[in-house]
Amino acid sequence: MKVLGIETSCDETAVAIITDDKQILSNQILSQTEHAAFGGVVPEIAARAHLEHIDRLVSQALKDANVSFKDLDAIAATTGPGLIGGVMVGMMMGKSIAAVHDIPFISINHLEGHALTVRLTEDIAFPYLLLLVSGGHSQILIVKGVGQYKRLGTTIDDALGEAFDKCAKILGLGYPGGPAVEQAALKCKDTDQALKQFPLPTPMKGRDNCHFSFSGLKTAMRRHAESLIEENALNDENISALCHAFQHTVGKIMIDRLGRAINIFLAEYKDIANPTLVVAGGVAANLHLRKCLEDLTTTVGMRFSAPPVKLCSDNGAMIAWAGIEHLKQGITHDLDTEAKPRWPLDPDAPIAAGAGIKA
Ligand code: KG4
Ligand code: ZN
């Protein structure tokens, strides 16, 4: 079984071809650089850039995999959630290929692409506990199966990736911010002193739920940065120390929130053979976060798993793999499937108190 996957929901134009025995025959990713000058993704520029590059990436993917359209069993494309202009480009490309070559079309939820990636690279059975942290979402979910999710927690304001990006912007580290903050934090020489010098709040810590909040952390970061600017001390050393303090605080918040979710998961699945915590989404590339989660799972006797770093940020392989997971269950979709800017994995989850539209 071979599936071609297309991802265009944000600022990566990506096409991949995957087999049902987990071979990545091609994984073309074009990260749009046009947005750096604006400090964030500009939807109209993103949509135009997807349109400009998508044909070439599809051709290159077929060439890499040494296959033609007739060798494909399905075309999978992200149909939401995301920036609607970009989603439309990838979705219409997928539908056109499917229509012209009479191949089944599979509509993929971008979040489900992240959620299932780990099953492409490892043997992880359902159910598992998932921390999904990206530029647009921060959620804790129980992954019960394809299309079956129970949301335990969500952010009531910013997503974690957004918090990393804003932190980088405040400190002049460019976009995307996550990798830049991580690199700066690694250069911090006196980590204990950094935490004393830059105290930061841990919003929601200790609350009797599994939700997150990052806006207070962002405000505290901004205040520290403003003080440093006033003192003419926004230099590399202080930036590294501040980034270390930020990452350390994020780790503390995650351990607290996940700790609660783990209790719920283990109580619900008492007899499960190999309980597993998975982290996915762009922020899952962060090695400090991975270490915190790994230590937490060791403490509670769970297995920890994360996709390889290059499959954490948006890519076509995760969409093609989600397509394979659907196809294995005989699920394909009509060509009149619509693009959805908002598409929660667990539509029945209650709205978190104080949460905005992203929850
Ligand atoms: O999943 P993703 O590629 O796109 C969305 O679906 O949003 O996630 C992008 C987010 C960005 O906010 C980026 O700064 C963050 O993931 N990110 C990281 C790292 N690499 C990417 N955050 C922290 N540490 C990283 N190494
Ligand atoms: Zn994503």
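Our subject is the structure listed above.
### Let's talk about the site of ligand 1
Step number 1: In the vicinity of ligand 1 there are 19 residues, among which G135, D165, G178, E182 and D314 approach most closely.
Step number 2: H110 places a polar side-chain atom, nitrogen or oxygen, 3.1 Å from an oxygen atom of ligand 1.
Step number 3: H114 places a polar side-chain atom, nitrogen or oxygen, 3.0 Å from an oxygen atom of ligand 1.
Step number 4: Within the complex, 90% of the 560 Å² of free accessible area of ligand 1 lies under protein.
Step number 5: Taken together, the elements giving at least two residues each to the shell around ligand 1 come down to α3 (110-116), α5 (160-170) and α6 (177-186).
Step number 6: Counting residues per element, the shell around ligand 1 draws most heavily on α6, at four residues.
Step number 7: Across the shell around ligand 1, the residue classes tally to four nonpolar, 12 polar and three charged.

### Looking at the packing of helix α9 (residues 236-268) against helix α10 (residues 287-300)
Step number 1: It is at 9 Å that the axes of α9 and α10 come closest, and there the two elements cross at 35°. Where α9 crosses over α10, the handedness of that crossing is right-handed. On the side of α9, the interface is formed by Q247, H248, G251, M254, I255, L258, G259 and I262, while α10 contributes H288, L289, C292, L293, L296 and V300.
Step number 2: Across the contact of α9 with α10, the residue classes tally to nine nonpolar, five polar and no charged.

### Re the nonpolar core
Step number 1: In this structure, L129, L131, I140, F246, M254, L258 and V279 are the most contacted members of the largest nonpolar core, which totals 55 residues.
Step number 2: For this core, the secondary-structure elements that each account for two or more residues are β6 (128-133), β7 (138-145), α5, α6, α8 (215-230), α9, β9 (276-280) and α10.
Step number 3: Once residues lying within four places of it in the same chain are set aside, the contact partners of L129 are I140, L141, I142, L152, L258, A261, I262, F265, T276, L277, V278 and M302.
Step number 4: Residues A115, L130, L311 and I324 belong to the second largest nonpolar core, which totals 32 residues.

### Examining the pairing of strand β3 (residues 24-31)
One face of the sheet, then the other: side chains in a regular strand alternate in exactly this way.
Step number 1: Where strand β2 (residues 12-19) meets β3, seven bridges bridge the pair, whose relative direction is antiparallel. Paired with A16 across the two strands is N27, which belongs to β3.
Step number 2: Where β2 hands over to β3, the hairpin turn is made up of four residues, of which K22 adopts a positive phi near 70°.

### Things to note about the sheet that holds β2
Either a parallel or an antiparallel arrangement is found when strands of a sheet pair, and the pairing is made through backbone hydrogen bonds.
Step number 1: A sheet is described by the order of its strands in space; here five strands give the open sequence β3-β2-β1-β4-β5, paired in mixed fashion. Edge positions in the open sheet fall to β3 and β5 (105-109), since each of these has one partner strand only. Recorded for the sheet is a direction-independent mean angle of 20° between the axes of neighbouring strands.
Step number 2: Two elements, strand β1 (residues 2-7) and strand β4 (residues 74-80), share four bridges in a ladder whose sense is parallel.

Cut-off values and rules
Residues numbered from 1 in each chain as written. Chains lettered and ligands numbered in written order. Predicted model: local features only at pLDDT ≥ 70, side-chain atom pairs only at ≥ 80, totals over all residues. Heavy atoms only, no water. Near = heavy atom within 4 Å. Polar contact = N/O pair within 3.5 Å; in protein donor to acceptor, adjacent residues only side chain to side chain. Areas by Shrake-Rupley, 256 points an atom, 1.4 Å probe, with all protein chains shown as cover. Helix = DSSP H or I, 4+ residues; strand = E, 2+ residues; numbered from the N terminus. Nonpolar A, V, L, I, M, F, W, Y, C, P; charged D, E, K, R; others polar. Axes fitted to C-alpha atoms, helices over the stretch in contact; angles between N-to-C directions. Left-handed = near helix turned anticlockwise from the far one by under 90°. Contact = heavy atoms within 4.5 Å. Core = buried A, V, L, I, M, F, W, Y, C linked by side-chain atoms within 4.5 Å. Buried < 20%, exposed > 50% of the residue type's maximum accessible area, 1.4 Å probe, protein only. Pairing = 2+ DSSP bridges.

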